Amino acid sequence: MNITKDIIYVGVNDHTIDLFEGQYTVPNGMAYNSYVIIDEKIAVMDSVDARFTDEWLNNIENVLRGRKPDYLIVQHMEPDHSANITSFAESYPDAKIVSSAKAFAMMKNFFSTDFVERQIIVGEGDTLSLGKHNLTFITAPMVHWPEVIVTYDTTDKVLFSADGFGKFGALDTDEDWACEARRYYIGIVGKYGAQVQALLKKAAALDIQTICPLHGPVLTENLGYYINLYDIWSSYGVESDGVVIAYTSVYGNTKKAVMLLAEKLRLSGCPKVVVNDLARCDMAEAVEDAFRYGKLVLATTTYNADIFPFMREFIHHLTERNFQSRTVAFIENGSWAPTATKVMKEHLSKCKNLSFAETEVKIMSALNSESEKQLTALSDELCK
C-alpha cells in the first residue's frame, strides 16, 4: 500500500489475537503498522509484533527490490512495535538504529544490547535527511511510554504518530473509526491527557496532510475531525450529551431500579441513555462510555461493608485514567446499613471537578414508593 509516492506500508494484520495487552477484547483483530520511506537513503519506521517476523521482513524485502535500508527508526518500545529490532539488525547489519536515549536504554533491557555501535540518538527538533525527504523528530514523553518520539516528514507532510491516533481492529476490517479509537485511547492512553495535550500543541505548528499511526488506518482526509476528538479526549471534555448508568445487581432489585430510571430518562427526552451491567459487559466499553458522556449514574449494593467488586473495579478504572469534569449520581441498595454511596464517593474523592447530583437514591432491599419518587427526582435533575 502506497501512502505517498515514496512512503509504503509494510505492516501486518493480526487476526489470531484475542486480548490486546492481555486485557482488551479485539474481535476484529489488530494492525501493527510499519512504513518504509524510499529515497537516496531508506528508512524503515518501527517494526511489528514478534509473531509476524517473517511476514514483516518479507514485506520490506519486496518493496525495496534489492536495495538495503539505511535506518530503522524506533518511535516506541512496546513489544508490539519493537519486538523485531534484533531480527532487523541481523538481516541488515549495515543499517543504523535511530531512536531516543531512553529507548536505547529499554533495548538493553529487552534484548541485552543497546546496539551502541549502530546508535543514532535523537531528541526534540533533531533532523535526519534521507535525500529529498527530511525528517524532524518530536519528543512525546508519556504518550504513553517515556521514550516515545514521533516523526514529521517535511517533504510529504506526513506525521508518523506512534501510538497516537491508533485504534483497535485490523486494517482489512470495515468499521467506524471513532468507536474503537476511543476505546483504545481511553483504555491505553487516557491517563496521560496532559501529555497528549502537549503533543497536540507541538503538532499544531506543523502542516500535516497525512497521519500514519502504529495501529489503525492511515488518516488522509478530514484530519480536523480526528484531531478535534483527540483534543476532547485528552482534555477530558464531554464528547456527547447523555447519561451513562453503570450498575451491579445481586438478585435483580438494583437492576429494576436502573431500568426504571433509564425509562424515565428516555421519557423525559434525554438525548442518549446508555446502560452497562458491569458484571457482564466489556469493562473497557463501559469505561469508554463514562468518558464519552457528561453524566454518570453509579448503582450498586453495599457488599461486605464495601461495594460490589465489579463496581469497585469500574471506579478504579475511572480514577486510574483521571476521570474528571462530570456529573455523577448514585443509587445504593442494602438490606441493612447501606453505605454504598458513601464508599463510592470516597473512591472518587481524588477526581477533579466532579459534581454530585443532589438526589441520592436509597433502596432498602427492593423498590418502594419512596425510592421510586427518588428515581423520578433524579431523572428530572439529570434531564435539566
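One structure accompanies this document, and this report is about it.

### Structural notes on the sheet that holds strand β13 (residues 149–153)
Then, in step 1: In spatial order, the strands read β11-β12-β13-β14-β15; together these 5 strands make up an open sheet with mixed pairing. Edge strands, defined here as strands with exactly one partner in the open sheet, are β11 (127–129) and β15 (210–212). Shown here is a sheet whose adjacent strand axes are inclined to one another by a mean of 20 degrees, direction ignored.

### Details of the pattern of salt bridges
Then, in step 1: As enumerated under the stated definition, the model contains 14 salt bridges in all.
Then, in step 2: Here R51 ties to D49 by a salt bridge, and the two come within 3.2 Å at their closest N and O atoms.
Then, in step 3: A salt bridge links K345 to E360; its shortest N-O distance comes to 2.6 Å. Here K345, found in helix α11 (residues 340–347), pairs with E360, found in strand β21 (residues 355–363); they are 15 residues apart in sequence, far enough to count as distant.
Then, in step 4: You can call K345 partly exposed: its relative accessible area is 27%.
Then, in step 5: Residue E360 is classed as partly exposed on the basis of its relative accessible area, which comes to 34%.
Then, in step 6: It is possible to trace a salt-bridge network through shared partners that takes in E180, R183, D282 and E285.

### Observations regarding the packing of helix α5 (residues 177–189) against helix α7 (residues 223–234)
Then, in step 1: Between α5 and α7, whose axes approach to 11 Å, the crossing angle comes to 35 degrees. Considering the relative orientation of α5 and α7, their crossing is right-handed. Here α5 contributes W177, A178, A181, R182 and Y185 to the contact with α7, which in turn contributes Y225, Y226, L229, Y230, W233 and S234.
Then, in step 2: Residue classes in the contact of α5 with α7 are distributed as 9 nonpolar, 1 polar and 1 charged.

### Thoughts on the packing of aromatic side chains
Then, in step 1: Here the structure, examined in full by the defined rule, presents 21 aromatic pairs.
Then, in step 2: Between F20 and F168, the ring centres sit 5.9 Å apart and the planes meet at 70 degrees, which makes this aromatic pair edge-to-face. You can see F20 sitting in strand β3 (residues 19–20) and its partner F168 sitting in the loop between β14 (158–160) and α5, a full 148 residues away along the chain.
Then, in step 3: Residue F168 is classed as buried on the basis of its relative accessible area of 0%.

### Observations regarding the pairing of strand β12 (residues 134–139)
Then, in step 1: Of the strand pairs in this sheet, β11 and β12 are connected by 3 bridges, and their pairing is antiparallel. From the neighbouring strand, S129 faces β12, where its bridge partner is N134.
Then, in step 2: If you look at the hairpin formed by β11 and β12, you'll find 4 residues sitting between the two strands, and G131 has a positive phi there, around 135 degrees.
Then, in step 3: As paired strands, β12 and β13 are joined by 5 bridges and run antiparallel to one another. Counterpart to T139 in the pairing with β13 is I149.

### Points about the packing of helix α8 (residues 253–267) against helix α12 (residues 369–382)
Then, in step 1: Put simply, α8 and α12 touch, their axes get as near as 9 Å, and they point 40 degrees apart. Classified by the interaxial angle, the pair formed by α8 and α12 is oblique. Where α8 crosses over α12, the handedness of that crossing is right-handed. On α12, the residues that touch A257, L260, L261, K264 and L265 of α8 are E372, L375, T376, L378, S379 and L382.
Then, in step 2: A per-class count over the contact of α8 with α12 returns 7 nonpolar, 2 polar and 2 charged.

### Side note on the side chain of S240
Then, in step 1: Within the secondary structure layout, S240 lies in strand β16 (residues 240–247).
Then, in step 2: Accessibility expressed as a relative area gives 17% for S240, which makes it buried.
Then, in step 3: Setting aside its immediate chain neighbours within four residues, S240 contacts R292, Y293 and G294.

So, how was this worked out
Residues numbered from 1 in each chain as written. Predicted model: local features only at pLDDT ≥ 70, side-chain atom pairs only at ≥ 80, totals over all residues. Heavy atoms only, no water. Pairing = 2+ DSSP bridges. Helix = DSSP H or I, 4+ residues; strand = E, 2+ residues; numbered from the N terminus. Axes fitted to C-alpha atoms, helices over the stretch in contact; angles between N-to-C directions. Salt bridge = Lys/Arg side-chain N within 4 Å of Asp/Glu carboxyl O. Buried < 20%, exposed > 50% of the residue type's maximum accessible area, 1.4 Å probe, protein only. Left-handed = near helix turned anticlockwise from the far one by under 90°. Contact = heavy atoms within 4.5 Å. Nonpolar A, V, L, I, M, F, W, Y, C, P; charged D, E, K, R; others polar. Phe/Tyr/Trp six-rings, centres within 6.5 Å; stacked < 30°, edge-to-face > 60°. Parallel < 35°, antiparallel > 145°, perpendicular 65-115°, else oblique.

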